Amino acid sequence: MSEPELLRIVSRSSPMALAQVERVRAELARHRPGIRTEVVPVTTSGDRWMGDLAKLGGKGAFTKEVDAALVAGEADLAVHCVKDVPADRPLPAGTVFAAFLERDDIRDALVHPGGLTLDQLPAGTRVGTSSVRRVAQLAASHPQLECVPMRGNANRRLEKLADGEADALLLAVSGLERIGRADVISEVLSTEVMCPPIGAGILALQCREDDAATIEAVSGLGDPAAHRETTAERMFLHVLQGHCNSPIAGYARTERGGELSLRAKVFTPDGKRVLNAHEWAGPLDPATLGTSVAVALLRQGARELIDGIAH
Ligand SMILES: NCc1[nH]cc(CCC(=O)O)c1CC(=O)O
């Protein structure tokens, strides 16, 4: 198959998204030095809307416009955070994931200008986050802290923190590393304290399914462990069928020896109830592991818990 001369890469235009594109370009330059790349930045509805994401209607607030450019042929390759790609429905018709890049840090970080850790924060400290997953877990572990809504890309949130809109922030370690601001991290939170979201730290490369040349050109960037972990995590979420207000967390990990495990949790918004499951794949394929963990949580009442949350 002949190699494409030019790959037009579409992505959100936030600093984090553009850093992600630069990683893809650098990896592609190593694998396929003959291919030129061009960046097609788009603004998504999730970038524009600074209110409650649930009120935006429907999922995919950070992916819709990027996918549309790919489907329309205005670009050949889309770069997404797996975390932002809805898992309860198929990918947009005519598109496929061609590769998942090697996974970055999956943990969340506390950003506190005074350098304190979560346990050291005084009662009433305002922690800026609009994530129902972070709010529920923080309420469970540190009920004396107060969560205040905080949206916008990571750079914007750091500005809002500096402006005093909150006293501290919770942000993904990987995101801060991508924008070159790991220096603001005051504590990296263990996955026991703050279980990550499905797909944390993984970038997906999405192509048109009939564009075999592009799929072939980028498939070498894929990481097999990231692929297995994404498959297990997204199947888990697909079976669970959450909505935008359901606090769901979980991650698959390829342990030494190569075996995959998946742990996952569902919370009430106040964090007072937690359903918890952890299973090993054994002979199961990743998708079946994801299904099994979802069923384990459904047996514990996850459906009723999720449906009981306003959305
Ligand atoms: N919702 C925005 C978003 N999408 C992906 C990441 C983090 C990077 C990743 O997990 O790939 C972030 C920022 C954050 O949650 O702090």
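Residues numbered from 1 in each chain as written. Predicted model: local features only at pLDDT ≥ 70, side-chain atom pairs only at ≥ 80, totals over all residues. Heavy atoms only, no water.

Under an unreviewed UniProt entry, the name given to the protein is Porphobilinogen deaminase, and the source organism is Streptomyces katsurahamanus. In its Catalytic activity (unreviewed entry) section, the UniProt entry covering the protein states "4 porphobilinogen + H2O = hydroxymethylbilane + 4 NH4(+)". UniProt annotates the protein under Sequence similarities (unreviewed entry) with the comment "Belongs to the HMBS family." (UniProt positions renumbered as here; feature names shortened; annotations may be inferred.)

*Asks:* Teacher, can you tell me more about the overall build of the protein here?
*Replies:* Looking only at helices and strands, the protein features ten helices and 13 strands. A compact globule built from 311 residues should have a C-alpha radius of gyration of about 19 Å, and the protein, at 19 Å, falls within 12% of that. Residue burial in the protein is summarised as follows: out of 311 residues, 50% are buried. Summarising the internal contacts of the protein: among those between residues at least 6 apart in sequence, 69% fall at separations of at least 24. (Helix = DSSP H or I, 4+ residues; strand = E, 2+ residues; numbered from the N terminus. Rg over C-alpha atoms; globule rule 2.2 N^0.38 Å. Buried < 20%, exposed > 50% of the residue type's maximum accessible area, 1.4 Å probe, protein only. Contact = heavy atoms within 4.5 Å.)

*Asks:* How should the nonpolar core be read in this particular structure?
*Replies:* What tends to happen in soluble globular proteins is that the nonpolar side chains get buried as a cluster. Ranked by internal contacts, the top residues of the largest apolar core, which has 22 residues, are Phe-236, Leu-240, Val-266, Leu-289, Val-293 and Leu-297. Only helix H8 (224–240), strand S11 (248–254), strand S12 (260–267), strand S13 (274–280), helix H9 (286–299) and helix H10 (302–307) provide two or more residues apiece to this core. At five residues, H9 tops the list of elements feeding residues into this core. Leave out the neighbours within four places in its chain, and Leu-289 touches Ala-232, Leu-260, Ser-261, Leu-262, Glu-279, Trp-280, Ala-281 and Leu-284. (Core = buried A, V, L, I, M, F, W, Y, C linked by side-chain atoms within 4.5 Å.)

*Asks:* Looking at this structure, how should I read the domain arrangement of the protein?
*Replies:* Interface size is often expressed as the accessible area that is lost when the parts come together. Splitting the protein by domain gives domain 1 (6–101 + 202–222), domain 2 (108–188) and domain 3 (233–305). The gap between the C-alpha centroids of domain 1 and domain 3 is 26 Å. On the side of domain 3, eight residues touch domain 1, which itself brings ten residues to the contact. Carbon and sulfur atoms supply 55% of the area that domain 1 and domain 3 bury against each other, a total of about 730 Å² over both sides. Remark: the boundary between domain 1 and domain 3 carries zero salt bridges. Across the side of domain 1 that touches domain 3, the residue classes tally to seven nonpolar, no polar and three charged. (Domains from an automatic or database assignment. Buried area = accessible area lost by both parts, 1.4 Å probe. Salt bridge = Lys/Arg side-chain N within 4 Å of Asp/Glu carboxyl O. Nonpolar A, V, L, I, M, F, W, Y, C, P; charged D, E, K, R; others polar.)

*Asks:* Where do I start with the sheet that holds S12 in this structure?
*Replies:* Two pairing modes exist for strands in a sheet, parallel and antiparallel, and in both the strands are linked by backbone hydrogen bonds. Across the sheet, which stays open at both edges, the three strands sit in the order S11-S12-S13 with antiparallel pairing between neighbours. Edge strands, defined here as strands with exactly one partner in the open sheet, are S11 and S13. With strand direction ignored, the average angle separating the axes of adjacent strands in the sheet is 10 degrees. Bridge count for S12 against S13 is seven bridges, and the pairing is antiparallel. Bridge pairing in S13 links Leu-262 to Glu-279. Where H8 meets the sheet, its contacts fall on S11 and S12, and the angle it forms with S11 comes to roughly 150 degrees. (Pairing = 2+ DSSP bridges. Axes fitted to C-alpha atoms, helices over the stretch in contact; angles between N-to-C directions.)

*Asks:* Hey, could you run me through the side chain of Glu-229 in this one?
*Replies:* Within the element layout of this structure, Glu-229 appears in helix H8. Glu-229 has contacts with Arg-103, Ala-252, Arg-253, Thr-254 and Leu-260, leaving out every residue within four places of it along the chain.

*Asks:* Sorry if this is basic, but what is going on with the site of the ligand here?
*Replies:* What surrounds the ligand is the set Met-16, Cys-81, Lys-83, Asp-84, Arg-134, Leu-171, Ala-172, Ser-174, Arg-178, Ala-200 and Gly-201. A distance of 2.4 Å is found between an oxygen atom of the ligand and a side-chain nitrogen or oxygen belonging to Lys-83. Note that an oxygen atom of the ligand is positioned 2.9 Å from one of the backbone N or O atoms of Ala-172. Among the secondary structure elements, those contributing two or more residues to the shell around the ligand are strand S8 (168–172) and helix H6 (173–178). Counting only domains with at least three residues in the shell around the ligand, you end up with domain 1 (6–101 + 202–222) and domain 2 (108–188). (Near = heavy atom within 4 Å. Polar contact = N/O pair within 3.5 Å; in protein donor to acceptor, adjacent residues only side chain to side chain.)

*Asks:* Whenever I open this one, the UniProt feature "modified residue: S-(dipyrrolylmethanemethyl)cysteine" (unreviewed entry) in the protein confuses me. Can you help?
*Replies:* What UniProt calls "modified residue: S-(dipyrrolylmethanemethyl)cysteine" (unreviewed entry) maps, in this numbering, to Cys-244. Tracing the backbone through its elements, the reader meets Cys-244 in the loop between H8 and S11. Excluding residues that lie within four positions of it along the chain, Cys-244 makes contacts with Ala-54, Lys-59 and Val-132.

*Asks:* Quick question: what am I supposed to make of the sheet that holds strand S7 (residues 146–148) here?
*Replies:* Read from one edge to the other, the open sheet built from five strands follows the order S7-S6-S8-S5-S9, with strand pairing classed as mixed. Of all the strands in the sheet, just S7 and strand S9 (187–188) have a single pairing partner and so form its edges. The strands touched by helix H4 (residues 132–141) are strand S5 (108–111), strand S6 (126–128), S7 and S8; relative to S8, the strand with the most contacts, the crossing angle is about 125 degrees. Strands in contact with helix H5 (residues 154–162) are S5 and S8; relative to S8, the strand with the most contacts, it is inclined by about 170 degrees.

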